[in-house]
Amino acid sequence: MHAAREEETLPEDAFVTVGIESSCDETAVAVLRDEDHLLANLVFSQAEIHAPFGGVVPEVASRDHLRKLPLLVVEALTCARTPAERVNLVACTYGPGLLGPLLVGLSYAKGFAAGLGVPLLGVNHLEGHLFAHRLSAPDADPPFMGLLVSGGHTALVVVPEYGQYQLIGSTVDDAAGEALDKVGKQLGIPYPAGAELERLSEGGDPSAIPFPRPMAGAPGFDFSFAGLKTAVMVYLRKHPHARREDVAASFLASVVDVLAAKSIEATRRHRLGRLVVAGGVAACRKLRRRLREDAAGHGIDVHFPPQSLCTDNAAMIAAAGVYRHRVLGETHPLTLAPSPRLSL
Ligand code: KG4
Ligand code: ZN
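Here goes a summary of the coordinates provided.

1. Regarding helix 9 (residues 285–297)
Item 1. If you check helix 9, its first and last C-alpha atoms are 18 Å apart, about what 13 residues at 1.5 Å a residue would give, namely 18 Å.
Item 2. On its buried side, helix 9 packs onto strand 6 (144–149), helix 6 (194–201), helix 8 (244–269), strand 9 (274–278) and strand 10 (301–303).
Item 3. Remark: glycine 299 follows helix 9 within two positions and exhibits a positive phi of approximately 65 degrees.

2. What to know about the packing of aromatic side chains
Item 1. Summed over all chains, the structure comprises 7 aromatic pairs.
Item 2. With a centroid separation of 5.9 Å and 75 degrees between ring planes, the pair formed by phenylalanine 144 and tyrosine 162 is classed as edge-to-face. Remark: tyrosine 162 occurs in the loop between strand 7 (154–161) and strand 8 (164–170) and phenylalanine 144 occurs in strand 6; sequence separation between them is 18 residues.
Item 3. Judged by relative accessible area, tyrosine 162 falls into the buried class, the value being 3%.

3. Concerning the layout of surface pockets
A probe as big as a water molecule, rolled over the atoms, marks out the empty space that is left.
Item 1. Here the largest pocket defines a volume of roughly 1600 Å³.
Item 2. Lining the largest pocket we find 50 residues, and of these Glu26, Gly151, Tyr191, Pro192 and Thr311 sit closest to its centre.
Item 3. Elements that contribute at least two residues to the lining of the largest pocket include exactly strand 3 (37–45), helix 4 (125–129), helix 5 (176–186) and helix 6.
Item 4. Element by element, the count of residues in the lining of the largest pocket is highest for helix 5, at 6 residues.
Item 5. Here the residues of the lining of the largest pocket are counted per class, giving 21 nonpolar, 18 polar and 11 charged.

4. Things to note about the pattern of salt bridges
Item 1. Enumeration over the complete set of coordinates arrives at 21 salt bridges.
Item 2. In this structure, glutamate 178 engages lysine 182 in a salt bridge whose closest nitrogen and oxygen atoms are separated by 3.0 Å. A residue pair is termed a helical-turn pair when its members lie 3 or 4 positions apart in one helix, as glutamate 178 and lysine 182 do in helix 5 at 4 residues.
Item 3. The closest approach of N and O atoms between aspartate 294 and arginine 290, which form a salt bridge, is 3.0 Å. On the criterion of helical spacing, the pair formed by aspartate 294 and arginine 290 is a turn pair, its members being 4 residues apart in helix 9.
Item 4. Its relative accessible area of 22% is what places aspartate 294 among the partly exposed residues.
Item 5. Exposure remark for arginine 290: the relative accessible area of 25% places this residue in the partly exposed category.
Item 6. Connected through shared salt-bridge partners, Asp174, Glu178, Lys182 and Lys229 make up one network.

Rules used throughout
Residues numbered from 1 in each chain as written. Chains lettered and ligands numbered in written order. Predicted model: local features only at pLDDT ≥ 70, side-chain atom pairs only at ≥ 80, totals over all residues. Heavy atoms only, no water. Helix = DSSP H or I, 4+ residues; strand = E, 2+ residues; numbered from the N terminus. Expected span 1.5 Å × (residues − 1). Contact = heavy atoms within 4.5 Å. Phe/Tyr/Trp six-rings, centres within 6.5 Å; stacked < 30°, edge-to-face > 60°. Buried < 20%, exposed > 50% of the residue type's maximum accessible area, 1.4 Å probe, protein only. 1 Å grid on protein atoms, 1.4 Å probe; cavity = no way out; pocket = protein on both sides within 12 Å on 5 of 7 lines; lining within 4 Å. Points joined across faces, edges and corners; volume = space filled by probe spheres on them. Nonpolar A, V, L, I, M, F, W, Y, C, P; charged D, E, K, R; others polar. Salt bridge = Lys/Arg side-chain N within 4 Å of Asp/Glu carboxyl O.

Printed below as a string of structure tokens:
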């Protein structure tokens with residue numbers, strides 16, 4: 001669990017948003033003052049609960065969100081030293097994600113908002129990721145190119161301003177994080193494997209095995225990671241005694257090469273001076289290092305959220321929610337339904 005805490009008392013004119021995230025296997029609650037002042041940020045990861053199954057079991061996830069969410073809300077408000085009466089807005093993820101887990105979070109958010117008599121704002125989880133960097137770099141606003149890399153998505157999005165999203169490329173099969181998790185599983189790493197696979201790769205040689213760079217030279221900005229994942233699996237079958245570190249390093253080098261080449265080219269082609277990277281895979285140090293180097297070489301300003309805000313959290317949901325409410329004037333009715341396949 002991760003917590004941030006402010007020592008100062010809440011100013012009279014503060015606008016307080018409670019963010020709630022439960023779209024997959026993280027139960028998360030954040031308290032945000034105004035647009036970018038994080039008062040509390042709690043994330044309870046269910047990873048250990050799902051690890052024995054090798055992936056997220058939706059029913060198990062729903063039940064655990066139901067157990068943890070009420071406790072987490074109380075704890076977040078205590079941590080933020082903010083009484084519930086000071087809350088002005090409840091922002092909650094309503095899609096995309098797993099239906100049961102979304103239902104738990106959204107139902108709680110509705111009851112909480114109605115009980116307090118404050119507005120409800122449903123947030124698109126993907127838009128939330130694109131707001132995460134704003135909490136540490138409030139001036140890194142659009143226009144920018146967004147690279148969204150998570151367990152469920154890999155996409156390049158032109159963001160002329162917040163609230164307007166033009167998808168210019170996405171994965172035609174597996175998401176980058178999904179490929180990392182599946183290859184990780186083959187290497188004996190529990191789900192989610194990304195961070196541990198990167199640690200393993202540090203002891204390996206990234207040029208040991210020439211895995212393909214799928215779609216790297218192809219026109220357009222789509223990605224494909226399923227073939228690469230299969231190439232690694234075939235290699236492991238043929239070479240059961242290969243050094244796991246070399247396999248991890250060579251595979252990760254391929255993923256990083258493709259993500260970096262496509263996103264820098266997309267940013268240049270669309271004449272954007274800024275690239276914002278978001279989602280769980282944005283926590284990957286190798287990807288961050290590589291993008292920083294490549295972006296600098298092309299005069300591109302690159303931003304990542306701090307590592308704790310790359311993976312799923314409610315701070316980004318609160319940040320997107322308060323923007324939509326206060327800047328774009330949106331509010332949702334209590335009839336808002338979860339939308340598991342919501343797109344940007
Ligand atoms: O954004 P996220 O928490 O959940 C989704 O919305 O999917 O992303 C989770 C993904 C997982 O595939 C996980 O393996 C990957 O992010 N991940 C990482 C790292 N930390 C998490 N991948 C590479 N390096 C990391 N340090
Ligand atoms: Zn996510």
